[in-house]
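Below, each chain spelled out in residue letters.
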Amino acid sequence: MAEPGLARQASSLSNSGVAIIMKPTVIDDLLGVLPSNCVLHATEDLRPYECDGLSAYRQLPLAVALPETIEQVRAVMQVCHRHRTPVVARGAGTGLSGGALPLSDGVLLGLAKFSQILDIDPIGRTARVQPGVRNISISEAAAPHGLYYAPDPSSQIACTIGGNVAENSGGVHCLKYGLTVHNILKLQIVTMEGEMLEIGSDALDSAGFDLLALMTGSEGLLGVIVEVTVKLLPIPEHAQVLLAAFDDVESAGEAVGAIIAKGVIPAGLELMDNPAIRAAEDFVHANYPVDAAAILLCELDGAQDDVSDQITTVDGVLRSCGATEVRVARTAAERATFWAGRKAAFPAVGRLSPDYYCMDGTIPRKELGHVLQCMAQLATQYDLRVVNVFHAGDGNLHPLILYDANVPGELQRTEELGGRILELCVEVGGTITGEHGVGIEKINQMCVQFAAAELSQFHAVKHAFDVDGLLNPGKAVPTLARCAEFGAMHVHHGNLKHPELERF
Amino acid sequence: MTDAIEALRERVERAFANQEQLQIVGGASKTFLGRTPVGEPIHVDECQGIVSYEPTELVITARAGTRLDELDRTVREAGQLLAFEPPHFGPDATLGGTVACGLSGPRRPYAGAVRDFVLGVKIINGKGELLRFGGQVMKNVAGYDVSRLMTGAMGCLGVLVEVSLKVLPRPASECTLAFEMDVDAGLTKMLALAASTTPLSGACFTQGHLHVRLSGTQAGVAAAARQLGGEHTDAALWADVRELTHVALNGTKPLWRISVPATTPNNRDLAADLIDWGGALRWVRTDAPASTVRQWAEASGGHARVFSDGDRDNSAFHPLKPAVLAIHQRLKKAFDPNAVLNPHRMYAQF
């Protein structure tokens, strides 16, 4: 499988007949620092790495390096730095914005072998883990101590903590428990030069600039994460879910504000519009009210007494905001059923249409009515259907544009509509990506959100860590020259990669 | 208001062109922090006012010169609070200074630090460019998190001119309980409480007493208080802990702020006068050599700085490891290539 390194260094004859020694290639040098089974470069071996969760974009890398120790990661980086070869780090490859898309002239650095939980400190409530540990494994390992790791992206059974840090992943409980950046303490990273850096500390803060925040969500452009120390929280004593139906979406949106105005911060607060309700109901039979214009799912957690108090408060608020029906889950099974429809919303929508295109904008919540109205108008204008699911608590919208790639022109109309929706999000004071990251997918929309001087400042930040621009180049921050086109996530026949995973 | 920002921008731009040094001044309540300020003052306090506040959005946006008092009052009237409980250190404390200094009060281990609540900023970098990062929404992963990088950067990377903060509902009920015990028992008890589902919002130890604050619904706080026992005491304690005006901190020796993992045992040679953050923050007045304090902090997994009354120019911030210092110097150059803004305020090297 692996070509012997020396074969690639074979001498050849120049035109003048003088023997010259070919310089060793980056693959030769990788084989010099890694066991041969840790370097892949035959096309059939590279294939599994050609894309991440955004499978519309595919590219074979020059080689895949699969180191097993931090020393080997450093050696790989040193080799690539010496060769001026770009490096793209990858965890489980579940990302949805193409952040781990390989480069044809680059090395894909797979960190899946770093899958050990190194230490759990139940007294200090921290876990020290390798980057390839799956998100859910941390909570599973902490559970015997009554602790868990709070951020829970929907793909948590597969996604790795290293990728979570790189993307600053969220989940449905962000409003109350924060994103990855709020739940980590310390990172060990390897720089492009192969140097080790310790960022953050075991204390609650550290000396100097907040490099921990800067690294979080930097999409692999600043360093390679080789160890993460996360905070663990006590598992809430009690959790409860309410489901409320509304005759119009605006009232549901207002109810969200009204709940918060009462001083309640729900653990989760999700909104679905009628097309999403119907699709989910057809798919999983969660007994959703299919005639409702919108439903809200509200999860409350904490001490038993707190939760009981809040259930009463929220129930009252929902009714006074015009809920036509409010249900409180009476059993754990019922609670799971309430959530089942929401969690299946995306695959359910996949059954309505040959293709859909998923957006990930965030808006100030008060703009929900306005944004939904504008989206409906735009959809009519572009003659396309839009289905909405919404992390209502924190303003993160996932509009799905339904289309059929086999109908000439529909794909292009969809892309245009998607672009208009993201511009709308920015226009009302929001952002083009709430949780999926920019990656390669939304790189062009960065031009809408940021001015040239701001993009230049981002590039200067990258330069401070990666002088030669070799870490995941071309992702996350567009060059000024590039600011022209639009990209998007396209799901053909519901064929998201890893369809078994819950999403969004 | 735009004029105030434009005036600041022009001033920085001029300083950039002329290679001048500027010291950023808000309410001058935290001038004592860090190394001795140098350069011409550039006053941010005229750039003030709340830009937008919608309680149901849980976001307040204000100009950097806005008084912290005004912010506190505004959110309190709407039944909310700045959950990182920032110290003021004077009536003129501003939002900009609070964010630039990156300090958080007793609620920090349970609610989060100032950096956890910063959603977006407008800054002027060292070239005189007005830049906007982050925004007014909770979830935003577009671009590097420059807003949080600015938090605690002591103005070395940019002049903050506007900040958006997440706010939270003020708890319906709070109570403070005191327990008499020795410091070792106090540290153990703080850890045990934090690992339980007790609705904690403060835990400090001083003068032979553990003080615990509970926050939540009426029913939740009452139930937890019944379970814990202890003696109900005055909640005014927390303002004294936050502002470092607690009697246990009186003295003239250098005041060290030692940030360590909460599991760090008490050091009898560097006995803390006040322990906050559930054990993770040790305030010590001591004449012990800086190297002694730093070695202990570092060996414990944390860091130490002279907060006040000490050798600010040599000991203000814990020294950085060479590789991390190099990143700091390069970041400084990325934001402020001519070293205009608060030069050497954080470290002698930049």
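Computed from a prediction, not measured in an experiment: that's the story for all the values here.

Undergrad: Got a sec to walk through the overall build of chain A? Specific residues and values, please.
TA: Counting its regular elements, chain A contains 17 helices and 21 strands. The C-alpha radius of gyration computed for chain A amounts to 24 Å, which stays within 12% of the reference 23 Å derived for 504 residues, consistent with globular compactness. When the backbone C-alpha atoms are referred to their principal axes, chain A occupies close to 90 × 60 × 40 Å. Here chain A holds 504 residues, and 58% of them are scored as buried. Taking the intrachain contacts of chain A between residues at least 6 apart in sequence as the baseline, contacts between residues at least 24 apart amount to 71%.

Undergrad: With reference to specific residues and values, describe the interface of chain A and chain B.
TA: It is common to give the size of an interface as the accessible area lost on bringing the parts into contact. Chain A puts 74 residues into the contact, and the matching count from chain B is 67 residues. Breaking the side of chain A that touches chain B down by element, the ones donating at least two residues are α7 (174-177), α8 (211-215), α9 (249-261), α11 (304-320), α16 (446-449) and α17 (452-465) of chain A. The element contributing the most residues to the side of chain A that touches chain B is α17(A), with nine residues. Residues that form the side of chain A that touches chain B fall into these classes: 32 nonpolar, 27 polar and 15 charged.

Undergrad: Help me get a handle on the pairing of strand β17 (residues 303-308) of chain B, residues and values and all.
TA: Residues and elements named next belong to chain B. Buried residues dominate β17, accounting for five of its six residues. One ladder, built from five bridges, connects strand β14 (residues 255-259) with β17; its direction is antiparallel. Its bridge partner lying in β17, Arg257 is registered against Arg305.

Undergrad: Let's hear about the sheet that holds strand β11 (residues 196-200) of chain A: which residues, and what values?
TA: All names here are of chain A. Spatially, β7-β8-β12-β10-β11 is the arrangement adopted by the five strands of the open sheet, whose pairing is antiparallel. Both edges of this open sheet fall to β7 (117-121) and β11, since each of them pairs with a single strand only. The mean angle between the axes of side-by-side strands here comes to 15 degrees, regardless of whether they run parallel or antiparallel. With five bridges connecting them, strand β10 (residues 184-190) and β11 associate as antiparallel partners. Residue Ile189 lies in a different strand from β11, and its bridge partner there is Leu197. Along the sheet, helix α4 (residues 70-83) contacts β10, β11 and β12 (224-231); its crossing angle with β12, the most-contacted strand, is approximately 140 degrees. Each of β7, β8 (126-129) and β12 is contacted by helix α5 (residues 135-142), which is oriented at about 40 degrees to β7, the strand it contacts most.

Undergrad: Let's hear about α5(A): which residues, and what values?
TA: An α-helical segment advances 3.6 residues per turn. Residues three or four places apart therefore align on the same side. Within α5(A), the full set of buried residues consists of Asn135(A), Ser137(A), Ile138(A), Ser139(A) and Ala142(A). Looking at the packing, one finds that the buried side of α5(A) touches β7, β8, β9 (147-148), α6 (161-167) and β12 of chain A.

So, how was this worked out
Residues numbered from 1 in each chain as written. Chains lettered and ligands numbered in written order. Predicted model: local features only at pLDDT ≥ 70, side-chain atom pairs only at ≥ 80, totals over all residues. Helix = DSSP H or I, 4+ residues; strand = E, 2+ residues; numbered from the N terminus. Rg over C-alpha atoms; globule rule 2.2 N^0.38 Å. Buried ≥ 20, exposed ≤ 12 C-beta atoms within 10 Å, placed from the backbone. Contact = placed C-beta atoms within 7 Å. Nonpolar A, V, L, I, M, F, W, Y, C, P; charged D, E, K, R; others polar. Pairing = 2+ DSSP bridges. Axes fitted to C-alpha atoms, helices over the stretch in contact; angles between N-to-C directions.

Function cannot be inferred from these measures alone, as they are strictly geometric.
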